[in-house]
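Given next are the chains, with one letter for each unit.
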Amino acid sequence: MNVSIVGSGYVGTTVAACLADYGHEVTNVDIDEGIVAAIEAGEAPVHEPGLDDLVAAYGGDRLRATTDYAAVRDTDVTFLALPTPSREDGSIHLDVMKAGARSLGEALASKDDDHLVVVKSTVIPGTTEDIVAPILAETSGKTLDSDLHVAMNPEFLREGSAVSDFENPDKVVFGTRTDAARDRLREVFDPLLADSDAAVVETGIREAEMIKYANNAFLASKVSLVNELGNICKEYGVDAYEVAEAVGLDDRIGERFLRSGVGWGGSCFPKDVAALIAAARNAGYDPSLLEAAVDVNDGQPERLLDLLASHIDPADKRVAVLGLSFKPGTDDVRNSRAIPVIEGLQNRGATVVAYDPVATENMREHFPDIEYAASAAEALEDAHGAVVVTDWDEFAALDQAFDAMADPVVVDGRRIVERREGITYEGLTW
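Note that the structure is a prediction, hence the values are computed from the model and not measured.

Enquirer: Which residues make up the packing of aromatic side chains, and what values do they have?
Expert: Under the definition given, this model contains 7 aromatic pairs. Each ring, one from Y241 and one from W430, has its centre 5.0 Å from the other, and the planes form 75°; the classification is edge-to-face. Taken together, the residues Y241 in helix 9 (residues 240-247) and W430 in the segment after strand 14 (424-427) connect sequence positions 189 residues apart. For Y241, a relative accessible area of 13% corresponds to the buried category. One aromatic cluster in this structure is built from F79, F166, F174 and F189. Stacked on the ring of F156, the Lys or Arg K171 has its end atom at 4.4 Å from the ring centre.

Structure (structure tokens):
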């Protein structure tokens, strides 16, 4: 099947490469000539485990890239995987989505056959039908639900495991309003579903849009609840991880997302929860539980720094920050918990030295003047304290590197470092 995808970020590139791997002819459309050139040369434009191999295998062949929207005319379906950045109030900004829909519609105006447009980006309920679809219809001259169909197919891809998540989904959601749209979406995903036991959810477009928000809001709230419980455990000298392990045995709760720590970040949870809160307020509803989840999350970095300050005065001290990406397996620092941690250390007068296996250059854009170490051991050398923000596996193997610290105070926000003699160790919530 011939598929086009507008947008070549984490989602667009991952979906394109995976669909090519399942035998489809895929064309990425992007306005960035550098990204297009990279894909054509078989180079992934974003850091994502497993993506390099797929783009190298299919780039320039079964996976093509172009800046020309006219390429969509040779495809049967187009996915819109465009950014929807946050405004100050948390609501999503749709300018890029609108511009992409307009360019897509103009390109489809000279296509004789019918076409399916699928919104892949995370958008508030009503966006696809009330905003995107009218733009497409006006600019293409086609008739909605006749020779132009729209659908919503939310993504559930986690950075650091996006390829694996695409290939092994828990569910695939088809939000449609015509049989033609549903059948074509199924045709796209048939090769994946044949190899998977994923649940297939066939629902309306608005419901599909809301499913993504509900999914992320639930998970973010679960993490915040676990962190709240972990904070209480800390006050009573209770091992929060042993408590969570037992709680996770209840099949109504489940064991996943029960690791307490410094909180959630990234491009999805903060943005999606904020957007849902803004949408709820706009509709006249007070989402107090979601607001509380955000408050707990925002407070975790400060708790980490307070624990450090209970052992050393950070002023004029060298403090190592281990981990800069918002999670291991990615170089993405968007909403990383390391950002408020570094800001807090600077406000306390500390000299910060930071290390991350892959995210240094991205964090340098936020903090160009702090010191960046080439290794965790280098960051720890002569440091008066260390805080662990991201649970990269290599941090679990440091051990003797802590002996090179001027004052071996370690505050672990992810329970990755082994507690041992010779280290003043504090877990954030245990």
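Further notes follow.
Enquirer: Kindly report on the sheet that holds strand 3 (residues 63-66), identifying the contributing residues and their values.
Expert: Sheet architecture is open: 8 strands sit in the order 3-2-1-4-5-6-7-8, paired in mixed fashion. In the strand order of this sheet, the two ends are held by strand 3 and strand 8 (199-203), each with one partner. Here the average twist between neighbouring strands, direction ignored, is 25°. Strand direction decides the pairing type here: strand 1 (residues 2-6) and strand 4 (residues 77-80), joined by 4 bridges, are parallel. Across the sheet, I5 pairs through a bridge with F79, a residue of strand 4. On top of the sheet, helix 1 (residues 10-21) reaches strand 1, strand 2 (25-29), strand 3 and strand 4; it is set at about 165° to strand 2, its chief contact. Along the sheet face, helix 4 (residues 95-108) touches strand 4, strand 5 (115-119) and strand 6 (148-152) and points at about 170° away from the line of strand 5.

Enquirer: Account for the pattern of salt bridges, with residues named and values stated.
Expert: Opposite charge on two side chains allows them to pair when their charged atoms are near. In the structure shown here, the tally under the stated rule is 24 salt bridges. Ionic pairing is found between R184 and D114, a salt bridge with its closest N-O pair at 3.2 Å. Within this pair, whereas R184 is found in helix 7 (residues 179-194), its partner D114 is found in the loop between helix 4 and strand 5, the two being separated by 70 residues in sequence. Taking the shortest distance from any N to any O, the salt bridge between R303 and E235 comes out at 4.0 Å. Pair noted here: R303 is in helix 11 (residues 288-309) and E235 is in helix 8 (residues 205-235), with a separation of 68 residues, a long-range link. Three or more residues joined by partner-sharing salt bridges are found here, namely E129, D130, D145, R177 and R206.

Enquirer: Could you give an account of unusual backbone geometry, naming the residues involved and the relevant values?
Expert: Phi at F257 takes a positive value of approximately 60°, unusual for a residue other than glycine. Tracing the sequence through the fold places F257 in the loop between helix 9 and helix 10 (269-282). Given the relative accessible area of 29%, F257 is considered partly exposed. Residues other than glycine seldom take positive phi values, yet D316 does so here, at roughly 60°. Residue D316 is classed as exposed on the basis of its relative accessible area, which comes to 73%.

Enquirer: Quick rundown of the state of the cysteines? Include the residues and the values.
Expert: Here the structure, examined in full by the defined rule, presents 0 disulfides. Free of any disulfide, C268 has its nearest neighbouring cysteine sulfur in C18, separated by 16 Å. Note on C268: relative accessible area 25%, which makes it partly exposed.

Enquirer: Just give me the short version of the environment of A16, but keep the residues and values in it.
Expert: If you trace the backbone, A16 turns up in helix 1. Sequence separation of A16 and D76 is 60 residues, and the distance between their C-alpha atoms is 14 Å. Ignoring sequence-local partners within four residues, the contact set of A16 consists of I5, V26, N28 and L63.

Cut-offs used in this document
Residues numbered from 1 in each chain as written. Predicted model: local features only at pLDDT ≥ 70, side-chain atom pairs only at ≥ 80, totals over all residues. Heavy atoms only, no water. Phe/Tyr/Trp six-rings, centres within 6.5 Å; stacked < 30°, edge-to-face > 60°. Helix = DSSP H or I, 4+ residues; strand = E, 2+ residues; numbered from the N terminus. Buried < 20%, exposed > 50% of the residue type's maximum accessible area, 1.4 Å probe, protein only. Lys NZ or Arg CZ within 6 Å of the ring centre and 35° of its normal. Pairing = 2+ DSSP bridges. Axes fitted to C-alpha atoms, helices over the stretch in contact; angles between N-to-C directions. Contact = heavy atoms within 4.5 Å. Salt bridge = Lys/Arg side-chain N within 4 Å of Asp/Glu carboxyl O. Disulfide = S-S within 2.5 Å.

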